[in-house]
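# Summary of structural features
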Amino acid sequence: MKAYIHFLVVSTEFFLFEVMSFNCFKIIAHMCDVVKPSHNLLRKKTSNQTIVTEFVLLGFSEVRDLQILHFVVFLVLYLAALIGNILIFMAVALDRHLHTPMYFFLMNLSIIDLGSISVTVPKSMANSLMNSRLISYSGCVTQFFVFIHFATADVAFLTIRAYDRYVAICQPLHYKREMNRGACVQMAANAWLSGILNAAVHTGNMFALSFCRGNTVDQFFSEIPQLLKLACSHSYLSETGATIFSVCLLFSCFVFIIVSYVHIFTTVLRIHSEQGRHKAFSTCLPHLTVFSLFIYTGTFAYLKPTSNSTSTLDLVVAVLYSVVRPLRNPIIYSMRNKVIKAALWKIFGGTLFTSMLD
């Protein structure tokens, strides 16, 4: 099982590094041709093609009252995700009893959730508040890169957490040896590096394309399928290939997690103690729920045939995997986790009690 993870990570990083070295040159060369528009023009004509200098994002509504409602709803979701994930990070970082592999990876997932929701939601809220739908070319590139980076790292850490639970439940005697501090740091570093490499590959491929079908993105953030709709039909094969490769990697992670949980559930069902079975299931089912939500919404968004217009279902799915998904750690892990609750009470309850005595 560990050899499979090592092979998957090394082969993926090697491939992504080779492709990235070429694509980085392409995107830098392409961005050098893009200049800021004058008089708020959205596109600039050259001798034989049109260079997109700004994109128009999809608005949820043209009605001002609904735009304000969208701003308020996204603000509430954003603050909930922000506060919840910061509390998880603080609990794990400040309580030495939570300095274990499981909570170390959970802390990394909280950082990912903070980053991913901060990439898409604030821009969408600002557009609704200012009644605007524009995003600059460089802003679109940045949003695209960072979002893909966090999404890839998310999948990697969810896969690592499955391995952590597999070793903890199926091979408890080897847990301290397999999941020692050095191994955990190395796996986390590989997960973050894989996210950077995969994001660089997709960004290099995507923004080296010629967008000859306009500059209106049928989504409230820079999403791969919607940007591909704008590309010339003869030029997006490289990004399509990169997307297929990423889907294959996602499927490999999915198979690995399923196999891990088959072993885990087989082992748990052999436990004679009902309390032991309940404890094992309580640490595994939240993780399986989180990954299932991610895989279903992501697969629907990226493998569904694109249409000329964005449906309500497309928007709902996009909100689920880009806005609601970062709320999963505070809701699924923390509200039902007595250890996290105790750590937070120790941090804030103790501080409040001390300040009252002073």
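Keep in mind it's a predicted model, so treat the numbers as computed, not measured.

Within the chain, the secondary structure is distributed over 12 helices and 5 strands. Counting only residues that meet the buried cut, the chain has 48% of its 358 residues in that class. Within the chain, residue pairs in contact and separated by at least 24 positions form 77% of the contacts whose partners lie at least 6 positions apart. On the chain, roughly 18000 Å² of surface is accessible, and the fraction owed to carbon and sulfur atoms is 69%.

Residue placement: Y137 occurs in helix α4 (residues 137-170). Judged by relative accessible area, which is 4%, Y137 ranks as buried. Measuring from C-alpha to C-alpha, the distance between Y137 and T53 comes to 5.2 Å, with 84 residues separating the pair along the chain.

One non-glycine residue, N131, lies in the positive phi region at around 55°. Looking at the secondary structure, you find N131 in the loop between α3 (101-129) and β4 (134-136).

All right, on to a nonpolar patch on the surface then. On the surface, a cluster of nonpolar side chains totalling about 440 Å² of accessible area is made up of I68, V72, V76, L129 and M130. Here the nonpolar patch gets 3 residues from one element, more than from any other, and that element is helix α2 (residues 64-94). Inspection of the secondary structure assignment puts L129 in helix α3.

The next subject is the packing of α3 against helix α6 (residues 181-206). Two elements in contact, α3 and α6, have axes separated by 11 Å at closest approach and are oriented at 20°. On the basis of the axis angle, α3 is roughly parallel to α6. Once α3 is placed against α6, the crossing between them reads as right-handed. Contacts between α3 and α6 involve P101, F104, F105, N108, I111 and I112 on the former and, on the latter, C184, M187, A188 and W192. For the contact of α3 with α6, a count of residues per class yields 9 nonpolar, 1 polar and no charged.

Side chains of nonpolar character tend, in soluble globular proteins, to be buried together. Counting residues in hydrophobic clusters, the biggest one holds 55 residues, and the most contacted among them are F157, M179 and F220. Looking at this core, the elements that each hand over two or more residues are α2, α3, α4, α6, α8 (237-269), α9 (274-303) and α10 (312-324). Here this core takes 13 residues from α4, the largest share from any one element. With sequence-adjacent residues up to four places away left out, F157 is seen in contact with F105, N108, L109, I112, A188, A191 and W192. Counting residues in hydrophobic clusters, the runner-up holds 20 residues, among them V52, L57, Y137 and V141.

Quick look at the confidence of the model for the chain now. For the chain, per-residue confidence averages 78 on the pLDDT scale, and 77% of positions sit at 70 or higher. Note on residues 9-48: pLDDT is under 50 here. Beyond four places in sequence and across chains, it has 65 contacts.

A word on the sheet that holds β4. As summarised here, the arrangement of the 3 strands in space is β4-β3-β5, forming an open sheet in which the pairing is mixed. Every interior strand has two partners, whereas the edge strands, β4 and β5 (216-217), have only one. The pairing of strand β3 (residues 54-57) with β5 spans 2 bridges and is parallel. Residue V56 lies in a different strand from β5, and its bridge partner there is T216. Seen against the sheet, α4 touches β3 and β4 and runs at an angle of roughly 85° to β4.

With respect to the helices and strands, the residue N215 is situated in the loop between α6 and β5. On the basis of relative accessibility, which here comes to 7%, the residue N215 falls in the buried class. Within polar-contact distance, the side chain of N215 engages the backbone oxygen of E54 at 3.0 Å.

In contact at an axis separation of 7 Å, α4 and α6 are set at 145° when each is read in the N-to-C sense. Here α4 runs over α6; the crossing is right-handed. Here the contact of α4 with α6 is built from residues that sort into 18 nonpolar, 7 polar and no charged.

A few words now on the packing of aromatic side chains. One pass over the full model with this rule turns up 16 aromatic pairs. Pairing Y261 with F265 gives two aromatic rings, centres 5.7 Å apart and planes at 45°, and the pair type is tilted. Linking Y261 with F265, this pair stays in helix α8, spanning 4 residues, or about one helical turn. A residue is classified by how much of its surface remains accessible, and Y261, at 2% relative accessible area, is buried. According to the relative accessible area criterion, F265 is partly exposed, its value standing at 22%. Linked through ring pairs, F55, Y137, F144, F207 and F211 together constitute an aromatic cluster.

With that out of the way, let us pick up the pattern of salt bridges. The final tally for this structure, using the stated rule, is 6 salt bridges. When the shortest N-O distance is used, the salt bridge between R325 and D154 registers 2.3 Å. Here the residue R325 occupies a position in the loop between α10 and α11 (328-334), and D154 occupies one in helix α4, the gap between them amounting to 171 residues. Summarising the burial analysis for this pair, R325 and D154 share the class buried. One salt bridge in this structure joins D164 and R165, with 2.9 Å as the shortest N-O distance. One exposure class covers both D164 and R165, and it is buried.

Reading the values: the criteria
- Residues numbered from 1 in each chain as written.
- Predicted model: local features only at pLDDT ≥ 70, side-chain atom pairs only at ≥ 80, totals over all residues.
- Heavy atoms only, no water.
- Helix = DSSP H or I, 4+ residues; strand = E, 2+ residues; numbered from the N terminus.
- Buried < 20%, exposed > 50% of the residue type's maximum accessible area, 1.4 Å probe, protein only.
- Contact = heavy atoms within 4.5 Å.
- Areas by Shrake-Rupley, 256 points an atom, 1.4 Å probe, with all protein chains shown as cover.
- Patch = residues over 30% accessible without salt bridge, like charges linked within 9 Å, V, L, I, M, F, W, Y side chains within 5 Å.
- Salt bridge = Lys/Arg side-chain N within 4 Å of Asp/Glu carboxyl O.
- Axes fitted to C-alpha atoms, helices over the stretch in contact; angles between N-to-C directions.
- Parallel < 35°, antiparallel > 145°, perpendicular 65-115°, else oblique.
- Left-handed = near helix turned anticlockwise from the far one by under 90°.
- Nonpolar A, V, L, I, M, F, W, Y, C, P; charged D, E, K, R; others polar.
- Core = buried A, V, L, I, M, F, W, Y, C linked by side-chain atoms within 4.5 Å.
- pLDDT = per-residue confidence, 0-100.
- Pairing = 2+ DSSP bridges.
- Polar contact = N/O pair within 3.5 Å; in protein donor to acceptor, adjacent residues only side chain to side chain.
- Phe/Tyr/Trp six-rings, centres within 6.5 Å; stacked < 30°, edge-to-face > 60°.

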